[in-house]
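Remarks on the overall topology
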Amino acid sequence: MTTRGRCLLAAGIAAAGCAVVLDERDMLRVAIFVFALPLLATLVARWARTRLRCTRSLRPHRVAAGSRTEVLLHLSSASRLPTSGVLVEDTVPYAAGAKPRFVIDWLTSGTVELRYPLHPMLRGVHPIGPAVVRVSDPFGLAEFSRRLGEPAGLLVVPRTAKLHGMPVGHGSADSSGPRRARAGHGEQDAIVRQYRHGDDLRKVHWRSTAHRDELMVRMEERPSGGGSTVLLDHRAAAHRGHGTGASVEWAISFAASVCLHLHAHGFPVRLVTEDGAELAGQDAAADQGQATLDALAALRPTHRRELAMPGGLAEERAIIAVLGACSRPALGELIASTAGHTNGLAVLLDVAAWSPGDTGEIADVHEGAQLLTAAGWAVVIAGPGDGLAHTWQRLCEAAKAATGHLEVPS
């Protein structure tokens, strides 16, 4: 019962008392009417509430962060009598947009279609609904609310950017591998490269070392169809910022863009996190890119303190690491686990730039870049103002400088 209804109920009781004291039968009749009216309105509003039904649909139900989707609500009443004063408010998470509110003066039998747009800015799986429907009587004496309709899931995938170019290790078999050096008459061709910190000295190729006047190591020839691994660091301790402007969101968007770019050119790619969990397998199928985005949509930062090297890194033709703040021991472990790797590329996030006022201890990103570069990795440092496509282009150029050539797909 609303405030108006309770006041009317109290007035009816007071009028009935006065009618008894003054022995006024007409006043008693008025008092009974005034007292019964809010009670009757309560019964009518409660009955009308039970006759309502609501269904919901999303068009589309899967969108990229920052894109637009539309929600359709179908509200119907099974009552033959019109229902007045219907207020509909759908339940929408803050990350998906503002809560819509509709007022229907009169709802007759049949279905009323309500629609409203959503512009979700943050990736995730957002439940839309249920709708909260408030029904009141024509006099506003009583009001009842009810939750209607099953929630619908809105899948918001990360933002991506169209990338151009391809770093070393993703082209044809003739140009993707390191240079070959003839070991000698009667000996199989050897694949050699420059020595990197942590390489086994027993693999030193002395003939090539003497010829080039620098230490070279022998590598086994890798199959031309080898895949790549995108390593995504999503530790909460390794990132800064909040919401859509957080560094972890930038890292996820960049990793998603790289995976889609490689899939678009038919290259198998495996997406793994810093704790070794595989989010998307190594498959060049057409729907693999969509599966990758769906997995990243529900990804949440972990509380792991250090990197845990995923297995199988040394078996890939290339590894593209998207890293937050990493300590020297963690980077040293990454280098050791990929020793002898053909192509190592890394994007180091300058997480301090995402939160300038943070006084917490953050590893020096430039020191980490020097450590990886010394081990033969192609490294770029990215900040909050760097675009995804521009960072990828810089990474391709760094790979070209590290290996001597750049591959661009046709």
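In what follows, the accompanying structure is described. Throughout this description, residue numbers start from 1 for each chain and increase along the sequence as written. In keeping with the predicted nature of the model, local features appear solely for residues at pLDDT of at least 70, side-chain atom pairs appear and are counted solely at 80 or more, and the whole-chain, interface and lining totals rest on all residues. Working from all heavy atoms in the structure, the side-chain values ignore hydrogens and water.

1. Section: the overall build of the protein
Note the threshold: Elements are defined by DSSP. Helices are runs of H or I of four residues or more, strands are runs of E of two residues or more, and each kind is numbered from the N terminus. Under the scheme applied here, a residue whose accessible area is under 20% of the maximum for its type counts as buried, over 50% as exposed, and between as partly exposed, the area being computed with a 1.4 Å probe on protein chains only. Any two residues having at least one pair of non-hydrogen atoms within 4.5 Å are treated as being in contact. Each accessible area is a Shrake-Rupley estimate made with a 1.4 Å probe; only the visible protein chains count as cover when residues are assessed.
A count of helical and extended segments in the protein gives nine helices and 19 strands. Counting across all 410 residues of the protein, residues that qualify as buried make up 46%. If you take every contact in the protein between residues at least 6 apart in sequence, the share linking residues at least 24 apart comes to 70%. Surface exposure of the protein reaches about 20500 Å², of which carbon and sulfur atoms provide 54%.

2. What to know about the environment of Ala353
Mapped onto the elements, Ala353 comes out in the loop between β18 (343-349) and α8 (365-374). Expressed as a C-alpha distance, the spacing of Ala353 and Ala382, which sit 29 residues apart in the sequence, is 9.5 Å.

3. Re the sheet that holds strand β6 (residues 110-118)
In a beta sheet, neighbouring strands are held together by backbone hydrogen bonds and run either parallel or antiparallel to one another. The condition that has to hold: A pair of strands is labelled paired if DSSP reports no fewer than 2 bridges between them. All axes are obtained by fitting lines to C-alpha atoms, using only the stretch in contact for helices, and the reported angles, taken between N-to-C directions, cover 0 to 180 degrees.
Across the sheet, three strands lie side by side as β1-β3-β6; this open sheet has antiparallel pairing. Edge positions in the open sheet fall to β1 (52-59) and β6, since each of these has one partner strand only. On average, adjacent strands in this sheet sit at an angle of 20° to one another, irrespective of strand direction. The pairing of β1 with strand β3 (residues 69-77) spans eight bridges and is antiparallel. Paired with Thr55 across the strands is His74, a residue of β3.

4. What about the packing of helix α5 (residues 247-264) against helix α6 (residues 288-297)?
Each packed pair of helices is defined by two parameters, the angle between the axes and the distance between the axes. Using the following cut-off: Any angle that falls under 35 degrees is termed roughly parallel, while one over 145 is termed roughly antiparallel, one within 65 to 115 roughly perpendicular, and all others oblique.
Taken N-terminus to C-terminus, the directions of α5 and α6 make an angle of 170°; their axes are 9 Å apart at the nearest point. On the basis of their axis angle, the class for α5 and α6 is roughly antiparallel. Contact residues: Ile252, Ala256, Cys259, Leu260 and His263 in α5; Gln288, Gly289, Thr292, Leu293 and Leu296 in α6.

5. Here we look at the sheet that holds strand β16 (residues 278-280)
Pairing in this open sheet of six strands is mixed, and the strands run β16-β15-β14-β17-β18-β19 from one edge to the other. In this open sheet, the two edge strands, each paired with only one partner strand, are β16 and β19 (378-382). Strand-to-strand twist across the sheet, computed as the mean angle between neighbouring axes with direction ignored, equals 20°. On top of the sheet, α5 reaches β14 (228-232), β15 (269-273), β17 (318-323), β18 and β19; it is set at about 170° to β14, its chief contact. The strands touched by α6 are β14, β15 and β16; relative to β16, the strand with the most contacts, the crossing angle is about 130°.

6. Focus on unusual backbone geometry
Between Arg59 and Pro60 the backbone carries a cis peptide bond, its omega angle lying at -5°. Inspection of the secondary structure assignment puts Pro60 in the loop between β1 and β2 (62-64). Look at the link from Gly129 to Pro130: it is a cis peptide, with omega at 0°. Checked against the element boundaries, Pro130 lands in the loop between β7 (124-128) and β8 (131-136).

7. What about the packing of helix α1 (residues 3-22) against helix α2 (residues 25-50)?
Keep this limit in mind: Crossings are sorted by hand: turned counterclockwise from the far helix by less than a right angle, the near helix makes the crossing left-handed, and turned clockwise it makes it right-handed. Residue classes follow a fixed rule: Ala, Val, Leu, Ile, Met, Phe, Trp, Tyr, Cys and Pro count as nonpolar, while Asp, Glu, Lys and Arg count as charged, and any other residue, Gly among them, counts as polar.
Look at α1 against α2: their axes get within 8 Å of each other, and the N-to-C directions meet at 160°. Relative to α2, α1 is oriented roughly antiparallel. Judged by the sense of rotation from one axis to the other, the crossing of α1 with α2 is left-handed. Residues Gly5, Leu8, Leu9, Ala11, Gly12, Ile13, Ala15, Ala16, Cys18 and Ala19 of α1 pack against Met27, Leu28, Ala31, Val34, Phe35, Leu37, Pro38 and Leu39 of α2. Its residues assigned to classes, the contact of α1 with α2 comprises 16 nonpolar, two polar and no charged.

8. Points about the environment of Ser228
Residue position: Ser228 is located in strand β14. Of the residues examined, Ser228 reaches a relative accessible area of 2% and is grouped as buried. When the C-alpha atoms of Ser228 and Asn343 are compared, they prove to be 9.4 Å apart, with 115 residues separating the residues in sequence.

9. Some points on the pairing of β7
Here is the key point about a regular strand: its side chains alternate between the two faces of the sheet. Covered by surrounding structure in β7 are Gly124, His126 and Ile128 only, the residues Val125 and Pro127 on the alternate face being uncovered. Two elements, β7 and strand β10 (residues 152-157), share five bridges in a ladder whose sense is antiparallel. Within β10, the residue paired with Ile128 across the bridge is Ala152.

10. A closer look at the side chain of Arg123
Rules: In the analysis that follows, any N or O atom pair within 3.5 Å is treated as a polar contact, provided that within protein one partner can donate a hydrogen and the other can accept it, and provided that, for residues neighboring in sequence, both atoms belong to side chains.
With respect to the helices, strands and loops of the structure, Arg123 is situated in the loop between β6 and β7. With relative accessibility at 3%, the residue Arg123 sits in the buried group. There is a polar contact of 3.0 Å between the side chain of Arg123 and the backbone oxygen of Leu296. A polar side-chain atom of Arg123 sits 2.7 Å from the main-chain carbonyl oxygen of Leu299.

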